[in-house]
Amino acid sequence: MVAVVTAVSCVAHLWVAAAGYHGAWLGILMVALAAVCVPCSVHIWRHSRVGALHQVTLSALLMAGLHAALLLGSGGAGHAHGGRPASSAVQATGNIQLLLVIGLELATALLAATLVARLRQENRTTMARPGA
């Protein structure tokens, strides 16, 4: 499940970058982030590698913090077009989208951390068995 959520996140970053919602340099950054996350997704899918799970957990927490800072730092302001102030409908939609993204990132971090804990528990159980 962690690998699937990570892969979906990569696809979402690529889609947002291709749509050009945030400008060229942020689009390039999102493509780079997706390229970095794809190998982690593959490693988690194939082998449940703890190192990849730690990277996904850390990345998800950092992205949740970044999106929370954007939400709080902008005062929840939505996008403005043509020099006009953003409408309250756009502002509310932007806030809801950011909150959903933050929730997804926190859920991803929790899933990855839970899998690390399970893998550690399995290793302890295997090591504690006689003849293991």
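Scroll up to find the structure.
Residues numbered from 1 in each chain as written. Predicted model: local features only at pLDDT ≥ 70, side-chain atom pairs only at ≥ 80, totals over all residues. Heavy atoms only, no water.

A. Representation of helix α2 (residues 24-47) in the model. Here α2 contains 24 residues, and its C-alpha end-to-end distance of 35 Å stays within 8% of the 34 Å for a straight helix at 1.5 Å per residue. Where α2 is concerned, the buried positions are Gly 27, Met 30, Ala 34, Cys 40, Ser 41 and Ile 44. (Helix = DSSP H or I, 4+ residues; strand = E, 2+ residues; numbered from the N terminus. Expected span 1.5 Å × (residues − 1). Buried < 20%, exposed > 50% of the residue type's maximum accessible area, 1.4 Å probe, protein only.)

B. Focus on the packing of helix α1 (residues 2-19) against α2. At a minimum axis distance of 8 Å, the contact between α1 and α2 shows a crossing angle of 165°. Here α1 lies roughly antiparallel to α2, going by the angle between them. Crossing of α1 over α2 shows left-handed handedness. Along its contact with α1, which presents Val 2, Ala 3, Val 4, Thr 6, Ala 7, Cys 10, His 13, Leu 14, Val 16 and Ala 17, the element α2 presents Gly 27, Met 30, Val 31, Ala 34, Cys 37, Val 38, Ser 41, Ile 44 and Trp 45. Tallied by class, residues from the contact of α1 with α2 come to 15 nonpolar, four polar and no charged. (Axes fitted to C-alpha atoms, helices over the stretch in contact; angles between N-to-C directions. Parallel < 35°, antiparallel > 145°, perpendicular 65-115°, else oblique. Left-handed = near helix turned anticlockwise from the far one by under 90°. Contact = heavy atoms within 4.5 Å. Nonpolar A, V, L, I, M, F, W, Y, C, P; charged D, E, K, R; others polar.)

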